[in-house]
Amino acid sequence: MMGRSNSPPEDFHLLSAVEIQHQKMIIQNSYNEKLVGILHETGSKEVVIVCHGYRSCKERIPMVNLAAAFATEGISAFRFDFAGNGESEGSFQYGNYYREVDDLRAVIQYFEHEKRSVTAIIGHSKGGNVVLLYASRFNDVHNVVNISGRFDLKRGIEGRLGKDYLQRIKKYGFIHVANRKGNIEYRVTEESLMDRLTTGTSAACQLIPQNCRVLSIHGSADRIVPVEDAMEFAKHISNHKLHIITGADHEYTCHQNELASIVIDFVKSGSSHDMAPASKKSLRSSL
């Protein structure tokens, strides 16, 4: 499994060394909320943005491992918390897909203002939906990676909200979602539920321009989002590549290296970045 390295690798003494710094950053979104992220800074002009999924954060696998893997290749990577998640300001809202697109837009504009080039946007689970929705609205990032995103947003709701959720939310106006211990974790309002149900994945995918390269990756053993959803993305996105990882679950628990390799190869093949092979690089991590 890949991750942050606190000690130099064996090729530390090679001449082509890359200094990696982990910089905590705060970026303000369009709603005046502070988004907190970690930049794996290598000094490259290019940056990849890594987006987490539903009720997740920048510290979860595979966000940390993907960012670290890009840094070892000499490309800076930024992983951040959407508003209402992790360390970022704001309150968590169910649905909120286009609101998170706005957060991603704020992050990309920040790096553009800093004269950096965002070469790819990568999203895991719900984050996969967010990067695709972004690509359907803006034509400024031409490498998009959707990892285990859900095509049919009407599926998977009952597992979280219980049976008859539509009737109950119509009656009470909200549903409280509790954890296994019975403690209430968050409230789903009728408005936020409708936000999810009315987010048109199919239509958005068809709006992604031809000059935007999209890679969808899915695990064959994913029990959260069925692998069939990945097949649907392939049908609806014009410039699309599909990769199924045999045996991988939703978090790619035992397939982190394979996941990172696939994502990096895809981004490198569509990037102008002149990268030396990883075997010829020496990396030092510092906080």
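Bear in mind the structure is a predicted one, so any value in this text is a computation, not a measurement.

Here's the deal with the overall build of the chain
When its secondary structure is counted, the chain shows nine helices and eleven strands. When the 287 residues of the chain are sorted by exposure, 52% land in the buried category. Excluding contacts between residues fewer than 6 apart, the proportion of contacts in the chain whose partners are at least 24 apart in sequence is 72%. Within the structure as shown, the chain displays about 13400 Å² of accessible surface, and the carbon and sulfur contribution to it stands at 48%.

Here we look at the packing of aromatic side chains
This structure, assessed with the given rule, holds ten aromatic pairs. Residues phenylalanine 78 and phenylalanine 111 carry aromatic rings whose centres are separated by 5.3 Å and whose planes lie at 65 degrees to one another, so their mutual orientation is edge-to-face. Pair noted here: phenylalanine 78 is in strand β4 (residues 76-80) and phenylalanine 111 is in helix α2 (residues 97-113), with a separation of 33 residues, a long-range link. Owing to a relative accessible area of 1%, phenylalanine 78 belongs among the buried residues under this scheme. Taking relative accessible area as the criterion, phenylalanine 111 reaches 1% and is therefore assigned buried. Through a chain of ring-to-ring contacts, three or more aromatic side chains come together here, namely Phe78, Phe80, Phe82, Tyr110 and Phe111. The ring of phenylalanine 138 is capped by arginine 105, whose NZ or CZ atom sits 4.1 Å from the centre of that ring. The ring of phenylalanine 266 is capped by arginine 213, whose NZ or CZ atom sits 4.0 Å from the centre of that ring.

Considering the environment of threonine 72
Tracing the chain through its elements places threonine 72 in helix α1 (residues 63-72). For the pair threonine 72 and isoleucine 20, spaced 52 residues apart in the sequence, the C-alpha separation amounts to 8.1 Å.

Some thoughts on unusual backbone geometry
A cis amide bond links isoleucine 61 to the next residue, proline 62, at an omega of 10 degrees. Relative to the elements of secondary structure, proline 62 occurs in the loop between β3 (46-51) and α1. The backbone phi angle of tyrosine 252 is positive, close to 55 degrees, even though this residue is not glycine.

A few points about the nonpolar core
By size, the foremost hydrophobic cluster in this structure holds 36 residues, and its most contacted members are Ile49, Phe78, Phe80, Leu104, Phe111 and Ile121. Broken down by secondary-structure element, the contributors of at least two residues to this core are β1 (17-28), β2 (34-41), β3, β4, α2, β5 (117-124), α3 (126-137) and α7 (201-207). With residues near it in sequence (within four places) discarded, isoleucine 49 still touches Phe78, Phe80, Leu104, Val107, Phe111, Val118, Ala120, Ile121 and Ile122.

Remarks on the confidence of the model for the chain
Across the chain, the average pLDDT comes to 89, with 88% of residues at 70 or higher. For residues 1-16, every residue scores under 50 in pLDDT, and the model assigns this stretch 35 contacts once sequence neighbours within four places are set aside. Confidence over residues 273-287 falls short of pLDDT 50; this stretch has 49 contacts with residues more than four positions distant or in other chains.

A short note on empty space enclosed by the protein
On inspection of all chains with the given rule, the structure shows one cavity of 30 Å³ or more. If you add up the space inside the largest cavity, you get close to 50 Å³. In this structure, the largest cavity is lined by Asn129, Leu132, Leu133, Leu153, Thr199, Thr201, Ala204, Cys205 and Phe233. Secondary structure elements with two or more residues in the lining of the largest cavity: α3 and α7.

Some remarks on the pattern of salt bridges
Throughout the structure, instances matching the rule amount to 15 salt bridges. A salt bridge links lysine 58 to aspartate 81; its shortest N-O distance comes to 2.6 Å. Of the two residues, lysine 58 is situated in the loop between β3 and α1 and aspartate 81 in the loop between β4 and α2; the sequence distance between them amounts to 23 residues. Both residues of the pair, lysine 58 and aspartate 81, belong to the buried class.

Considerations on the layout of surface pockets
Considered as a void within the structure, the largest pocket measures approximately 780 Å³ in volume. Taken together, 29 residues line the largest pocket, and the ones lying closest to its centre are Tyr54, Arg55, Arg160, Tyr186 and Ile224. Elements that contribute at least two residues to the lining of the largest pocket include exactly α3, α4 (158-161), β7 (174-178) and β8 (184-189). Tallied by class, the residues present in the lining of the largest pocket amount to nine nonpolar, ten polar and ten charged.

A few points about the side chain of asparagine 146
Position of asparagine 146 relative to the elements: it lies in strand β6 (residues 143-147). You can call asparagine 146 buried: its relative accessible area is 1%. Those residues in contact with asparagine 146, other than ones at most four positions away along the chain, are Gly123, Gly128, Asn129, Leu132, Leu215, Ser216, Ile217 and Phe233.

What counts, and at which threshold
- Residues numbered from 1 in each chain as written.
- Predicted model: local features only at pLDDT ≥ 70, side-chain atom pairs only at ≥ 80, totals over all residues.
- Heavy atoms only, no water.
- Helix = DSSP H or I, 4+ residues; strand = E, 2+ residues; numbered from the N terminus.
- Buried < 20%, exposed > 50% of the residue type's maximum accessible area, 1.4 Å probe, protein only.
- Contact = heavy atoms within 4.5 Å.
- Areas by Shrake-Rupley, 256 points an atom, 1.4 Å probe, with all protein chains shown as cover.
- Phe/Tyr/Trp six-rings, centres within 6.5 Å; stacked < 30°, edge-to-face > 60°.
- Lys NZ or Arg CZ within 6 Å of the ring centre and 35° of its normal.
- Core = buried A, V, L, I, M, F, W, Y, C linked by side-chain atoms within 4.5 Å.
- pLDDT = per-residue confidence, 0-100.
- 1 Å grid on protein atoms, 1.4 Å probe; cavity = no way out; pocket = protein on both sides within 12 Å on 5 of 7 lines; lining within 4 Å.
- Points joined across faces, edges and corners; volume = space filled by probe spheres on them.
- Salt bridge = Lys/Arg side-chain N within 4 Å of Asp/Glu carboxyl O.
- Nonpolar A, V, L, I, M, F, W, Y, C, P; charged D, E, K, R; others polar.

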